[in-house]
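Architecture and fold: a report
Chain residues, written in single-letter form:
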Amino acid sequence: MGRRRDPDLYRAPFPLYTVRVHHDTGLVITAGGGGASKTGIKNGVHFLRLERIGGQVCASLAHSLDTETRATMSLALGGDVIAAGQDASCQILRFKEETGKPDIKQEHKTQGKGGASEQGPRKRRVGGSQPAAGEGDGVNETQNSTTQISVEKLGEVQSDFSDDGLQKSVRFSGDLSFLVTGGADGYIRVWEYPAMKKKLDFKAHDGEIEDLDISPYNKQVVSVGRDFACCVWKNDQLALGLHWNENMPSIPDKMYRYQACRQAHYISLFGKVEDNREALRLYTVQIPHKRDRKPPPCYITKWDGRSFLPLLTQPCGSEVISCLAVSDSGTFLGLGTVTGSVAIYISFSLQKLYYVEEAHGIVVTDLAFVPETQHGREIVGDKEAAMLSVAVDSRCKLHVLPNRSE
């Protein structure tokens, strides 16, 4: 563990603020941009395909969506639907993969200088294998079948009414019956999906909402804000406020704040416990409210997701945490920092398993684990897990956790 500059998996022509991986197809969806300022920096959503070629994981751009003057700052996936936070609005987009009919062509090889054969760009052969020497009497039958991605806009709602006009977080419910948005105005708004009819609209925090999440059974919403509060909501009623330091009397209430993944922020995410399907865990990150010359450590807290009692709190270094991700099974936690470092922890004991110092040159804005599906396992190979990180430096990087038995 330590400083090692891994090669970029992908580099976008604009700053990246968010990344998600589609569970079924393995498509990586990452977005960002330069905003409305006339700097020449574009705004867009990029769709990437991951492949393992020669033992290396590679990414190729499958589709690019121009979002004109608006950068995408937050993003959620619900099946093939994207909820994208752009300025004060939440755009609802649907993407679709379409495979054209195979275009069977016959290519006649010609002899160039020195007897070498000359032909057009190499195409994939039907069946995926190369022809034997002399096969087909100089005729090479190829198949040109490309999968294209189309994106359509389904709707748009205003999800923030602050002067800054910034939706900071969005989540789909597990059953896709609603989605929740939180913004700079401190309000939580719940929208019926797919109608996008506003169901609830209430003041949750004094100041910006940094992040929010929905419990797997849609019973509660957890939100964190810049007002030092972490709240559990049932509909629009406050069920309880969480206090991570109640068993740590040496830490005053306003020495730390819950933070989220856009600047120096906290994130709360529910995770299922691998050995107990009925158990739920909530993970939060706390960062110092003030910057000191000798910075105190940040902390991760694991909570019981039903009683909301703190189960374990561990320090996680003095680098300010900017974002948090949880793997599909809830086994691993990913952390990104303001200084560009990336770490992976095991959720059970909150022990650090992986760390790269300054993997990015600037703040890590978002993280996403590769799904634990067949396609995901093909990408991960014999490793335990893989996680993507994006940052303001426009880079998307892949972090692979070696098997602990190794």
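No experiment lies behind these values; they were computed from the predicted model shown.

Before going further, it helps to spend a moment on the overall build of the chain. Scanning the chain from N- to C-terminus turns up one helix and 33 strands. Counting across all 406 residues of the chain, residues that qualify as buried make up 51%. Considering only contacts in the chain between residues 6 or more positions apart, those separated by 24 or more positions represent 52%. A total of about 19400 Å² of accessible surface is found on the chain, and carbon and sulfur atoms cover 48% of it.

Relative to strand β8 (residues 89-99), strand β7 (residues 81-86) is paired through six bridges, and the arrangement is antiparallel. Among the inter-strand pairings, A83 is bridged to a residue of β8, identified as I92. Connecting β7 to the next strand, β8, in antiparallel fashion are two residues, including D87 with a positive phi near 55°. Here eleven bridges tie β8 to strand β13 (residues 147-158), and the two strands are oriented antiparallel to one another. Among the inter-strand pairings, T99 is bridged to a residue of β13, identified as T147.

Let us now look at unusual backbone geometry. The residue after Y193, namely P194, is reached through a cis peptide bond having omega 15°. Relative to the elements of secondary structure, P194 occurs in the loop between β16 (187-192) and β17 (197-203). One non-glycine residue, L176, lies in the positive phi region at around 60°. In this fold, L176 is placed in the loop between β14 (167-172) and β15 (178-183). Its relative accessible area of 30% is what places L176 among the partly exposed residues. The phi angle at S394 is positive, at roughly 75°, despite the residue not being glycine. Mapping S394 onto the fold places it in the loop between β32 (385-391) and β33 (395-401). Assessed through its relative accessible area of 11%, S394 is described here as buried.

Take the UniProt feature "repeat: WD" (unreviewed entry) in the chain next. Taking the UniProt record as the reference, the feature "repeat: WD" (unreviewed entry) is found at residues 169-192. Segment residues 169-192 splits into 0% helix and 67% strand. End C-alpha atoms: 17 Å apart.

It is worth spelling out the pattern of salt bridges at this point. In this structure the tally under the stated criterion is 19 salt bridges. Of the charged contacts, one joins R189 and D185 as a salt bridge, the two residues approaching to 3.0 Å between their closest N and O atoms. The pair formed by R189 and D185 is uniform in burial state, with each residue classed as buried. Among the salt bridges present, the one from K198 reaches D201, with a minimum N-O distance of 3.1 Å. Of the residues examined, K198 reaches a relative accessible area of 37% and is grouped as partly exposed. In this structure D201 comes out as partly exposed when scored by relative accessible area, which is 35%. Overlapping salt bridges bring together K168, E208, E210, R226 and R257 as one network.

Our focus in this paragraph is the nonpolar core. A general trend in soluble globular proteins is that nonpolar side chains are found buried together. The biggest cluster of nonpolar side chains holds 21 residues, and the ones touching the most others in it are L9, V28, L388, C396 and L398. If we skip the residues at most four places from it in the chain, C396 touches D8, L9, Y10, L16, L388, S389 and V390. V285, C316, I321 and L350 belong to the second largest nonpolar core, which has 16 residues in total.

Attention shifts here to the sheet that holds β13. Taken in spatial order, the four strands of this open sheet run β6-β7-β8-β13, and their pairing is antiparallel. Since the sheet does not close on itself, it has two edges, and those belong to β6 (72-78) and β13, each with one partner. The sheet shows a mean angle of 25° between the axes of neighbouring strands, taken without regard to direction.

Before going further, it helps to spend a moment on the environment of L324. With respect to the secondary-structure elements, L324 resides in strand β27 (residues 321-326). Through-space distance from the C-alpha of L324 to that of V285 is 7.8 Å; in sequence the pair is 39 residues apart.

Our focus in this paragraph is the packing of aromatic side chains. In this structure the tally under the stated criterion is six aromatic pairs. Ring plane angle 85° and centroid distance 5.4 Å describe the contact between F172 and Y193, whose orientation is recorded as edge-to-face. Taken together, the residues span a long stretch of sequence, with F172 in strand β14 and Y193 in the loop between β16 and β17 at a distance of 21 residues. On the basis of relative accessible area, F172 is assigned to the buried category, the value being 11%. What makes Y193 buried here is its relative accessible area of 14%. With 5.4 Å between their ring centres and 75° between their planes, W244 and Y256 make a pair best called edge-to-face. A residue pair is termed long-range when its members are at least 10 positions apart, and W244 in the loop between β21 (237-241) and β22 (256-258) and Y256 in strand β22 qualify at twelve residues. With a relative accessible area of 5%, W244 lands in the buried category. Members of the aromatic cluster, connected to one another through ring pairs, are W244, Y256 and Y299. For the cation-ring pair, K199 lies above F178, with the distance from its terminal atom to the ring centre recorded as 5.8 Å.

Within the open sheet, the four strands sit side by side as β1-β33-β32-β31. Their pairing is antiparallel. At either margin of the open sheet sits one strand with a lone partner, and together these are β1 (10-11) and β31 (364-369).

The rules behind the values
Residues numbered from 1 in each chain as written. Predicted model: local features only at pLDDT ≥ 70, side-chain atom pairs only at ≥ 80, totals over all residues. Heavy atoms only, no water. Helix = DSSP H or I, 4+ residues; strand = E, 2+ residues; numbered from the N terminus. Buried < 20%, exposed > 50% of the residue type's maximum accessible area, 1.4 Å probe, protein only. Contact = heavy atoms within 4.5 Å. Areas by Shrake-Rupley, 256 points an atom, 1.4 Å probe, with all protein chains shown as cover. Pairing = 2+ DSSP bridges. UniProt positions renumbered as here; feature names shortened; annotations may be inferred. Salt bridge = Lys/Arg side-chain N within 4 Å of Asp/Glu carboxyl O. Core = buried A, V, L, I, M, F, W, Y, C linked by side-chain atoms within 4.5 Å. Axes fitted to C-alpha atoms, helices over the stretch in contact; angles between N-to-C directions. Phe/Tyr/Trp six-rings, centres within 6.5 Å; stacked < 30°, edge-to-face > 60°. Lys NZ or Arg CZ within 6 Å of the ring centre and 35° of its normal.

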